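Topology and contacts: notes
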Amino acid sequence: MASVKPPKHVRAVLVALQGRGYPAYLAGGCVRDMLLGVRAQSWDICTGAQPEQIAEVFPDACRPGARSGVVTVLIDSHEVSVTSFRSSSPEPGSGEPDLVRFIGDLTADLSRRDFTMNAIALSADGMLADPFGGVGDIRRQLIRCVGVPEERFAEDPLRMFRALRYSARLGFTVDLFTMEGIRARASLAAELPAESVRDELEKTLLTRSPETVYSLVELGLLTAYLLPAPPDPVLLHRLALLPRRAQYRWAGLCHVLLTAGSISSPERFLSLLKLDHHTIRMAEDCCEMLASELPQSDLNKKRWLRRYGVETVRCALSCRDAFTGGQESLELRRILKSGECFSLKHLAVSGSDLLALGLHGRAAGEMLDFLLEYVMEYPGNNRRELLLSLAAGTEE
Ligand code: ATP
Ligand code: MG
């Protein structure tokens with residue numbers, strides 16, 4: 001199996017903890033990613049040291065992490081998160097030798113993790129601890145719960161979303177019993193905070209397999225947010241052709257859901273999921289553009305740019321291209337490159353110019369609109385003198 005080594009600064013943290021007598025391991029996603037031969041997104045260490053003891057080992061380089069029991073160590077301007085084993089120590093006076101105790105702690109820590117591939121630990125000297133067969137599952141490209149799936153999903157229903165998200169990201173299969181566990185516990189998904197569902201859904205949308213959203217729907221994990229009509233998996237698959245930008249993928253998803261009748265409006269769906277105002281607005285505008293006829297003339301394309309803004313039009317045309325195989329994004333690029341004016345910002349005259357001509361308030365606004373429409377139709381005429389005389393002449 002492919003394997004990459006942890007970077008020097010990560011090894012330094014492991015060695016420093018071990019040097020003070022605390023067992024310390026890399027664990028979770030970084031070990032999985034190392035075994036897969038891909039760059040880990042973050043480095044997580046689990047250790048027998050308590051948070052105060054971790055702070056003693058790195059007195060000038062650590063701060064409390066976002067979750068309790070997690071300490072962020074800053075080393076060579078890199079962050080490494082160090083978490084105390086999430087298990088209670090053996091009973092005082094139980095007479096257990098140290099070795100048994102620390103192995104016990106590590107195994108207990110790993111047993112609380114979600115999937116076998118995420119429950120592997122690696123020591124500084126390269127020894128793997130793999131009590132649940134995670135290495136074999138990575139080899140078989142299998143996502144399998146640590147322990148009994150139904151119990152693990154009942155403990156934390158978010159794990160159901162995580163299973164599918166990992167399958168979308170890594171191209172792994174969800175093990176049969178794990179899948180049965182999801183089916184059995186799907187109804188618990190409705191109890192999850194919308195923000196957590198949103199974050200998982202967004203990460204899934206941003207993978208190369210956004211059609212996994214279909215499985216989420218089919219398994220019943222999104223019933224709190226969707227109407228019963230299922231979306232088209234082929235269209236969902238096409239979301240992978242969009243740039244890897246969250247707003248684009250949300251907008252594309254809304255179009256697919258709206259077309260299928262799975263949602264009544266992007267606004268309602270995305271508000272339920274607690275998306276931000278900007279993303280909601282963009283998705284609404286994109287869906288509106290996708291539902292209307294594509295402007296054929298440059299003038300009408302510029303009218304879209306004026307009305308919706310460059311980024312939103314770019315997003316809508318990327319979606320259209322993804323769904324239809326068209327090349328409208330290239331057309332847009334051509335228009336933008338031409339430098340032709342489609343916004344008041346680039347008009348050769350401003351409100352204060354009109355004020356000097358004695359136009360103010362509503363009359364000035366209407367004149368600016370008129371001039372903008374005029375230069376959109378005659379791009380070569382976006383010249384100050386010409387527009388001023390036009391404004392003055394109309395005024396007379
Ligand atoms: P990513 O690369 O997406 O960050 P990751 O595996 O590092 O993947 P995290 O969400 O950062 O995932 O979590 C780190 C580790 O913590 C996981 O690998 C897993 O061992 C454990 N973990 C995280 N969330 C859960 C959960 N809900 N239930 C059990 N274990 C979890
Ligand atoms: Mg992580």
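Attention in this report is confined to the structure presented alongside it. Quick caveat: nothing in here was measured; it's all calculated off a predicted structure.

Further remarks concern the sheet that holds strand β3 (residues 62-64). One open sheet accounts for seven strands, arranged β3-β4-β5-β2-β1-β6-β7; its pairing is mixed. In the strand order of this sheet, the two ends are held by β3 and β7 (128-129), each with one partner. Judged from the two bridges that link them, strand β1 (residues 24-27) and strand β6 (residues 121-122) form a sheet pairing that is antiparallel. Residue pairing in the sheet places L26 in a bridge with L122 of β6. Packing of helix α2 (residues 29-36) onto the sheet brings it into contact with β1, β2 (44-47), β6 and β7, and relative to β1 it is tilted by some 65 degrees.

This part is about unusual backbone geometry. At D76, a position not held by glycine, the phi torsion is positive, near 50 degrees. Here D76 shows up in the loop between β4 (70-75) and β5 (78-84). One non-glycine residue, Q141, lies in the positive phi region at around 55 degrees.

Around ligand 1 sit 14 residues in total, of which R32, D156, R159, Y166 and R169 are the nearest. In this structure, Y166 approaches ligand 1 through a side-chain N or O atom, which is 2.8 Å from an oxygen atom. For ligand 1, whose free accessible area comes to 590 Å², the fraction covered by protein is 77%. Listed by contribution, the elements that provide at least two residues to the shell around ligand 1 are α2 and α7 (158-170). Residue classes in the shell around ligand 1 are distributed as one nonpolar, four polar and nine charged.

Okay, the pattern of salt bridges next. Following the criterion strictly, the structure yields 26 salt bridges and no others. Between R113 and D109 there is a salt bridge, and its shortest N-O distance comes to 3.0 Å. Among the residues examined, R113 registers a relative accessible area of 23% and is labelled partly exposed. Of the charged contacts, one joins K302 and E340 as a salt bridge, the two residues approaching to 2.7 Å between their closest N and O atoms.

Moving on, we come to the pairing of β1. On β1, burial covers both faces: A24 and L26 on one face and Y25 and A27 on the other are all buried. Strand direction decides the pairing type here: β1 and β2, joined by three bridges, are antiparallel. When the sheet's bridge partners are listed, L26 is paired in β2 with I45.

So, on to the packing of helix α9 (residues 194-205) against helix α12 (residues 246-260). For any two helices packed against each other, one specifies the crossing angle of their axes together with the interaxial distance. Two elements in contact, α9 and α12, have axes separated by 10 Å at closest approach and are oriented at 95 degrees. Between α9 and α12, the crossing angle belongs to the class labelled roughly perpendicular. Facing α9, whose interface residues are R198, L201, E202 and L205, α12 presents A246, R249, W250 and L253. In terms of residue class, the contact of α9 with α12 is built from five nonpolar, no polar and three charged.

Within the span of helix α8 (residues 176-185), buried status applies to T178, G181 and I182. Each buried residue of α8 lies within a common arc of 100 degrees when the element is viewed along its axis, so the set occupies one face. Along α8, exposed side chains directed more than 90 degrees from the buried face belong to L176 and F177. Those residues of α8 that are buried are in contact with β8 (142-143), α6 (149-155), α7 and β9 (173-174). One side-chain oxygen of the residue at the start of α8 lies 3.3 Å from the amide nitrogen of F177, identifying that residue as D175.

By the definition in use, this model includes zero disulfides. The structure places no disulfide on C286, whose sulfur is separated from the nearest cysteine sulfur, that of C315, by 3.4 Å. With no disulfide of its own, C287 has C254 as its nearest cysteine by sulfur position, at a separation of 5.3 Å.

What counts, and at which threshold
- Residues numbered from 1 in each chain as written.
- Chains lettered and ligands numbered in written order.
- Predicted model: local features only at pLDDT ≥ 70, side-chain atom pairs only at ≥ 80, totals over all residues.
- Heavy atoms only, no water.
- Pairing = 2+ DSSP bridges.
- Helix = DSSP H or I, 4+ residues; strand = E, 2+ residues; numbered from the N terminus.
- Contact = heavy atoms within 4.5 Å.
- Axes fitted to C-alpha atoms, helices over the stretch in contact; angles between N-to-C directions.
- Near = heavy atom within 4 Å.
- Polar contact = N/O pair within 3.5 Å; in protein donor to acceptor, adjacent residues only side chain to side chain.
- Areas by Shrake-Rupley, 256 points an atom, 1.4 Å probe, with all protein chains shown as cover.
- Nonpolar A, V, L, I, M, F, W, Y, C, P; charged D, E, K, R; others polar.
- Salt bridge = Lys/Arg side-chain N within 4 Å of Asp/Glu carboxyl O.
- Buried < 20%, exposed > 50% of the residue type's maximum accessible area, 1.4 Å probe, protein only.
- Parallel < 35°, antiparallel > 145°, perpendicular 65-115°, else oblique.
- Arc of directions from axis to C-beta.
- Disulfide = S-S within 2.5 Å.

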